[in-house]
Amino acid sequence: MAAAMNTSVSVMETAGEGGAWGMALLAAYVLNKAGKETLEDYLNGKVFANEKSSTIAPDKKDVDGLRLSWSATKQVLALSVQRWRR
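Because the structure is a prediction, the values reported are computed rather than measured.

Engineer: How should I be thinking about the overall build of the protein chain in this particular structure?
Structural biologist: Assigned secondary structure in the protein chain consists of four helices and two strands. The helix and strand sequence of the protein chain, counted from the amino end, reads α-β-α-α-β-α. Its C-alpha radius of gyration of 20 Å places the protein chain more than 25% over the 12 Å reference for a compact globule of 86 residues. In terms of overall dimensions, the protein chain has C-alpha extents of about 60 × 30 × 25 Å along its principal axes. Across the protein chain, every contact between residues at least 6 apart in sequence was considered, and the portion connecting residues at least 24 apart equals 65%. If you sum the accessible surface of the protein chain, you get close to 7,100 Å²; carbon and sulfur atoms cover 57% of it. Here the protein chain carries 11 positive and 9 negative side-chain charges, and the mean point of each set is 15 Å from the other.

Listed below in structure tokens is the structure:
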């Protein structure tokens with residue numbers, strides 16, 4: 001993902017918990033937020049404040065390789081569409 005977005009990506013130890021846990025967090029936020037507390041502030045201050053994370057910075061080689069792969073995929077798809085339209 002870091003290469004695809006060309007930016008650093010942080011992953012929490014709880015990342016493997018999945019969508020259901022994320023939905024539970026949103027519900028907890030709606031029920032427990034303080035006044036006009038933003039979701040970002042709620043998560044940073046109450047949910048992830050003491051969690052460990054790993055940050056991965058994009059590697060130029062990976063970013064360039066991914067872009068080349070996307071370019072090749074786009075060309076193959078364009079050829080497929082041309083053939084399909086015939």
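Engineer: Whenever I open this one, unusual backbone geometry confuses me. Can you help?
Structural biologist: Generally, phi is negative for residues other than glycine and the peptide bonds are trans, each holding for most cases. Here Asn 6, not a glycine, exhibits a phi torsion of approximately 50 degrees, which is positive. Mapping Asn 6 onto the fold places it in the loop between helix H1 (2-5) and strand E1 (9-12). Using a relative accessible area of 40% as the deciding quantity, one classes Asn 6 as partly exposed.

Engineer: Hey, could you run me through the environment of Arg 83 in this one?
Structural biologist: Looking at the element boundaries, Arg 83 is found in helix H4 (residues 60-85). Between the C-alpha atoms of Arg 83 and Gly 45, which are 38 residues apart in sequence, the distance is 54 Å.

Engineer: Please clarify how the environment of Lys 36 should be interpreted in this entry.
Structural biologist: Note on placement: Lys 36 falls in the loop between helix H2 (19-32) and helix H3 (39-47). Sequence-wise, Lys 36 and Ser 54 are 18 residues apart; in three dimensions their C-alpha atoms are separated by 30 Å.

Cut-offs applied
Residues numbered from 1 in each chain as written. Predicted model: local features only at pLDDT ≥ 70, side-chain atom pairs only at ≥ 80, totals over all residues. Heavy atoms only, no water. Helix = DSSP H or I, 4+ residues; strand = E, 2+ residues; numbered from the N terminus. Rg over C-alpha atoms; globule rule 2.2 N^0.38 Å. Contact = heavy atoms within 4.5 Å. Areas by Shrake-Rupley, 256 points an atom, 1.4 Å probe, with all protein chains shown as cover. Lys, Arg positive; Asp, Glu negative; His and termini not counted. Charge placed at Lys NZ, Arg CZ, Asp CG, Glu CD. Buried < 20%, exposed > 50% of the residue type's maximum accessible area, 1.4 Å probe, protein only.

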